[in-house]
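# Fold and contact review
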Amino acid sequence: QPFAPPVRGDLAASVSVRRGQAGQASQGGGRGVGGRGGGGRGRGGRFGGRGRGGRGHGGRGHGVRGRGVTPPIDLRKSRTQVGRSFVDDSSANKTYIPKLVNIVFFCLDNPDKQEFINPTMLEEIKTMDEQDKVDHERINDERRLRRKAPLQFKRSKVREYLRTRFTEMEETPADSPLVIDGEGAITSAFIKDFMDSHKRVVKVARENAESYLSETNLHGVTITDDLVDEEGFVTAYVNQSYSQFNSTRSCLSYLYKRAGIDRPPEMIRSMEKFMAGMERTTRNEKRGLGLKISEGKKHMTFQAYECIAMHLYRSAASEDIETRFMLLLEWNLMKRAENVVHAKISEVEWRCDCLVFHFAKSKSNQRGEEHLGPWHVYSNPENPHMCLLLAFGQYAFCNPHILKGGGVPLFQGTNSKTVYARYMARFNNVVNKELVHELRALGYEPGDLASHSTRKGVGTWVCSGCTVSPPIVAVCLRAGWTLGGVKDRYLFREGAGDQYVGRAAAGLDQLSKEFAVSPAYFDFSQLETTEMFRMKRVISDFVQSRLGFQPPGTVEPLLRHFLASICYHYDDLQRDIHQQSPLRSAALFRDIPEEIRRLATVRYPWNKTSDTPKFTGVPPHVAQLAELHALKEEITNLREGMMKDLREEMDKRGFNSSENNTRQLMDMIKEVTTTQTNAIVTRLIERTNLCERSLVAAVNQTREDYGAAEMEIEEELEEELPTDATRAESEELNRRRREASQRAVSRRQYKVGMIKTGGGCKLTTLPVGYRFPPLTIPQLIDNWLIGSVGANVIPFCQLRHNDVSHVKGAVVALRKMKRVMAMVHKTAKEKGCWPSGHAFDTPRNWTYAKTKELWLGIEQEFLVRYMKRKPQAKFTTVYNNLQGMSASTSSSGDDD
């Protein structure tokens, strides 16, 4: 039911009477505000459903002191906070305020500049600074005693004090830590001094340095031999980049605006002149000294993007499924990282043949009207490592909680900063360490690539990667870049242009007919009507049993296409992804039935069916290529059809009569031999009936002992040949024995192999090189109680010490799993959600539907008590939390 404010019983009754319905206003009351209500015997008026008047507006459970939903909390910003949000909070907290704090430190370190600090705060700042110095010396003395490197002086107390003052500053100059108005206010000369105090150190060739000195007429600077190193380079100070100077000017503009005053006109004129000269100076420094011309990070070429995506696709690290998904999102959406980390599942939908994203705002348009979307994102089924649909599916299968819909964020974290920091830490480790040689071959050094390199790279690729590129207006609008002037007012987003950009960004070849490829989907067009409905039900039941909950209607199309993409690439994934990948432990990925997988397909305009999604974003030249290919297919089929018709007509007219006579003769021979073969088979079947009945009983007992693994009856033909058996009977029996043996082996669910251990050998069902993957609690429950036939891994509850003793660390991991599963069993018993007749140490009778129902019953208890409210916590984390709780309990018992 939609939420609404609680209504008292007497108020509901009065409303009921005013609406002219039967009821008595004086009967009211109810169980507390908004409880069941009491007033009125009629309907609850405009406030709601049947029953007594007070039950209107949500009936039971919407009361404050009654049962059910708690009262709403106010998440709105105060008026003061709203007034401070004329720039984005992240920009203020990450850029402007830290720079302003550094300006105050500059004043504090220069006695002649301390006059620019607010006099009401100066003494307090000095006192805290002295205390910081004392604490710093004390900490470093302790570190020296422990032979550790000294720490850098961070001025923690002063820094926190200044950050707080700048953040909570009122709209008045008197509340600013810097003097910005009246007598003694900061001047343009002071700002230039601060800018000049920042410089960077570079190494340049001696001849470049000497040439630059002669061009700039810098007197008093000479380069001697003792200043030149062995490689002929000179260490020199140069200015910081122009963007650093510009950021200082921007942060001061922010300060004046926060204080509610304008910058002095003479300061504006002086700084404009200085900044123009600084821009020219920094450019000449780069040119004359041979420094890097461009500022910021390099753009990521398509080859580098493909290299990084492939590495993450095959990686064993559990976090790389998330890292790859974020990288592909940044590339395909052409958005800033802030849009990616704030994305929610409710902002994504499926439309025709693509994913569609919506965003509330962008950096260049804070209100978001022009940049809401929809932004179309396409799959690349020919290159699974670059396919966003597949990456999204892998991430969703490993994190099924995001499929519950609502406002669930795609990426879990306490805030966007932690999500972005986690992503960048892994990204930097990949590009600067793990792929350093591969990227160096593509022209990149460590430190050249960062998150913003993705936007630079995809923009360059889409606009210039082909001679037939999408319109630049569609590219700029998608990336959130301003067009400037009148173009921003007259050129707007349209679906066709953005769809073309989406296909190009997906990495599809714009000069190939395959550019018009469809996404992976389930095609039922070749099935009969009854079979089609049956398979749709099979797919629905499979998803429901593995997921454990019913996803909302907006998520179901996404989930269906995720599953289709996984099924289409199933063989590729089994071959390419690492054995330790979390995807192999996901319930939705394990042992997908063959009858579901073979329905997944991709199509093109020339072979589409009635179930193929409508093709969008296809430019005219690709559509013409597709039509030409369809025409070629028709000509080929026409030729084959003509040849077939010719053969049939020739057979009717008696051509090649010798061949026809031979065929008649062979039919007569087959008719004679078939009669004899049937007689032999009948005699053999009579002899095998007795053996089959005994085998059925044995297999039933084995199934009970083994549990969830589906054991097939393995036929054995052990009867003796009769003494009067002919040679044909003997050969037929041997042939049947071979076929029965092959069928039995092929139907076995799990295979056993021989491995070397120490000085001997032993049998094991685990694959060669198997390692326990990092499992979340829902994944552990699935793996513990249900085996994976496709991976040839039996249920973990069936593993014993001897089964895993050859695997490094597996004995300890198995012990931890058992401890966690024991707690799962105990908690489920207490909650009453453990299925009756089921044990946690045997897989008998367990199904995915039951394991999901079990987890839903204990989820909240585990999240709060053992998982610190982190849905993606691994079982090792839960085990450590259990151990810590046990230790604290025992210590408190000792104290008692």
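Residues numbered from 1 in each chain as written. Predicted model: local features only at pLDDT ≥ 70, side-chain atom pairs only at ≥ 80, totals over all residues. Heavy atoms only, no water.

Of the regular secondary structure elements, the protein chain holds 31 helices and 9 strands. In the protein chain, buried positions account for 42% of the 896 residues. Taking the contacts inside the protein chain whose residues are at least 6 apart along the sequence as the reference set, 69% of them involve residues at least 24 apart. (Helix = DSSP H or I, 4+ residues; strand = E, 2+ residues; numbered from the N terminus. Buried < 20%, exposed > 50% of the residue type's maximum accessible area, 1.4 Å probe, protein only. Contact = heavy atoms within 4.5 Å.)

The subject of this paragraph is empty space enclosed by the protein. In the structure shown here, the tally under the stated rule is 10 cavities of 30 Å³ or more. In this structure, the largest cavity spans a volume of roughly 300 Å³. Taken together, 24 residues line the largest cavity, and the ones lying closest to its centre are Pro400, His401, Pro778, Lys852 and Trp855. At the level of elements, helix H13 (388-398), helix H20 (529-547), helix H27 (777-785) and helix H30 (848-865) are the ones that each hand at least two residues to the lining of the largest cavity. Ranked by residue count, the leading element in the lining of the largest cavity is H30, at 5 residues. (1 Å grid on protein atoms, 1.4 Å probe; cavity = no way out; pocket = protein on both sides within 12 Å on 5 of 7 lines; lining within 4 Å. Points joined across faces, edges and corners; volume = space filled by probe spheres on them.)

Here the structure, examined in full by the defined rule, presents 21 aromatic pairs. A centroid spacing of 4.7 Å and a plane angle of 45° characterise the contact between Phe116 and Phe190, whose relative ring orientation is tilted. Here Phe116, found in the loop between helix H3 (89-109) and helix H4 (119-145), pairs with Phe190, found in helix H6 (residues 188-196); they are 74 residues apart in sequence, far enough to count as distant. Both rings, one in Phe302 and one in Tyr305, keep their centres 6.0 Å apart while their planes meet at 50°; by these two values the pair is tilted. Here Phe302 pairs with Tyr305, and both are found in helix H10 (residues 302-313), just 3 residues apart, close to one helical turn. (Phe/Tyr/Trp six-rings, centres within 6.5 Å; stacked < 30°, edge-to-face > 60°.)

Although it is not a glycine, Arg155 sits at a positive phi angle of roughly 55°. Mapped onto the elements, Arg155 comes out in the loop between H4 and helix H5 (156-167). The phi dihedral of Asp591 is positive, around 55°, even though this residue is not glycine. Counting through the fold element by element, Asp591 comes out in the loop between helix H22 (570-576) and helix H23 (594-597).

Let's shift gears to the pattern of salt bridges. For side chains bearing opposite charge, pairing can occur when the charged atoms are close. With the rule as written, the count across this model stands at 34 salt bridges. Asp129 is paired through a salt bridge with Lys133; the nearest N and O atoms lie 3.8 Å apart. Here Asp129 pairs with Lys133, and both are found in helix H4, just 4 residues apart, close to one helical turn. Its salt-bridge partner being Arg351, residue Glu349 comes within 2.8 Å of it at the nearest N-O pair. Because the salt bridges share partners, they merge into one network encompassing Asp109, Asp129, Lys133 and Arg155. (Salt bridge = Lys/Arg side-chain N within 4 Å of Asp/Glu carboxyl O.)

With 21 residues, H3 ought to run about 30 Å at 1.5 Å a step, and its terminal C-alpha atoms sit 29 Å apart, in line with that. Bending of H3 peaks at approximately 30° at the position of Tyr96, with proline Pro98 no more than four residues after it. The complete set of buried residues in H3 reads Ala92, Tyr96, Ile97, Lys99, Leu100, Val101, Ile103, Val104, Phe105, Phe106, Cys107 and Leu108. (Expected span 1.5 Å × (residues − 1). Bend = angle between axes of the 7 residues up to and from the residue.)

Let us now look at the sheet that holds strand E4 (residues 354-357). Pairing between sheet strands relies on hydrogen bonds along the backbone, with the strands arranged either parallel or antiparallel. With antiparallel pairing, the 3 strands of this open sheet are ordered in space as E3-E4-E5. This sheet does not close on itself; its edge strands, each paired only once, are strand E3 (348-351) and strand E5 (375-377). Pairwise comparison of adjacent strand axes, ignoring direction, gives a mean angle of 35° for this sheet. Sheet topology note: the E4/E5 ladder contains 3 bridges and is antiparallel. Bridging across to E5, Val356 finds its partner in His376. (Pairing = 2+ DSSP bridges. Axes fitted to C-alpha atoms, helices over the stretch in contact; angles between N-to-C directions.)

Axis separation between helix H16 (residues 451-464) and helix H19 (residues 495-505) bottoms out at 10 Å; the angle between their running directions is 110°. As judged from the angle between their axes, H16 and H19 are roughly perpendicular. Crossing of H16 over H19 shows right-handed handedness. Each of Val458, Trp461 and Val462 in H16 lies in contact with H19, whose residues at this interface are Val501, Ala504 and Ala505. (Parallel < 35°, antiparallel > 145°, perpendicular 65-115°, else oblique. Left-handed = near helix turned anticlockwise from the far one by under 90°.)

What follows concerns H19. The element H19 is largely enclosed, with a buried count of 10 among its 11 residues. Inspection of H19 places Gly495, Gly497, Asp498, Gln499, Tyr500, Val501, Gly502, Arg503, Ala504 and Ala505 among the buried residues, and these make up the whole buried set. Phi turns positive, to about 90°, at Gly507, one or two residues after H19.

Below, the discussion takes up the side chain of Ser315. You can see Ser315 is positioned in the loop between H10 and helix H11 (320-333). The class for Ser315 is buried, based on a relative accessible area of 13%. Of the polar contacts made by the side chain of Ser315, one reaches the backbone nitrogen of Ala317; its length is 3.1 Å. Separated by 2.4 Å, the side chains of Ser315 and Asp320 make a polar contact. (Polar contact = N/O pair within 3.5 Å; in protein donor to acceptor, adjacent residues only side chain to side chain.)

Further remarks concern the confidence of the model for the protein chain. It should be kept in mind that the predicted coordinates are not to be read in detail where pLDDT is low. Of the residues in the protein chain, 78% have a pLDDT of 70 or more, and the chain-wide mean is 79. Summarising per-element confidence for the protein chain, the mean pLDDT is lowest in helix H1 (residues 9-18) (35) and highest in strand E6 (residues 521-522) (96). When the criterion is pLDDT under 50, residues 1-67 qualifies, and its contacts beyond four places in sequence or with other chains add up to 117 contacts. The low-confidence segment residues 687-715, where pLDDT is below 50, has 36 contacts with residues more than four positions distant or belonging to other chains. (pLDDT = per-residue confidence, 0-100.)

What follows concerns the nonpolar core. Side chains of nonpolar character tend, in soluble globular proteins, to be buried together. Residues Phe392, Phe397 and Phe522 are the most contacted members of the largest nonpolar core, which totals 90 residues. For this core, the element with the highest residue contribution is H13, accounting for 9 residues. In terms of nonpolar packing, the next biggest core, distinct from the first, is built from 44 residues, Leu785, Trp846, Ala873 and Tyr879 among them. (Core = buried A, V, L, I, M, F, W, Y, C linked by side-chain atoms within 4.5 Å.)

Turning next to the packing of H3 against H5. Two quantities define a packed helix pair, namely the angle between the helix axes and the distance between the axes. Closest axis-to-axis distance for the H3/H5 pair is 10 Å, and the angle between their directions is 120°. Between H3 and H5, the crossing angle belongs to the class labelled oblique. For the crossing formed where H3 meets H5, the hand is right-handed. In contact with Asn93, Ile97, Pro98, Leu100, Val101, Asn102, Val104 and Phe105 of H3, H5 contributes Val158, Arg159, Leu162, Arg163, Phe166 and Thr167.

Turning our attention to the environment of Ala839. Along the chain, Ala839 turns up in the loop between helix H29 (810-831) and H30. Residues Ala839 and His825, spaced 14 residues apart in sequence, show a C-alpha to C-alpha distance of 8.6 Å. Aside from chain neighbours lying at most four places away, what touches Ala839 is Leu785, Trp834 and Trp846.

Mapped onto the elements, Thr554 comes out in the loop between H20 and helix H21 (556-568). Put simply, Thr554 and Gly406 are 148 residues apart on the chain and 9.5 Å apart in space, counted from C-alpha to C-alpha.

A separate point is the side chain of Asp175. The residue Asp175 is located in the loop between H5 and H6 in this model. Here Asp175 is in contact with Met121, Arg165, Glu168, Met169 and Glu170, once residues within four sequence places are set aside.

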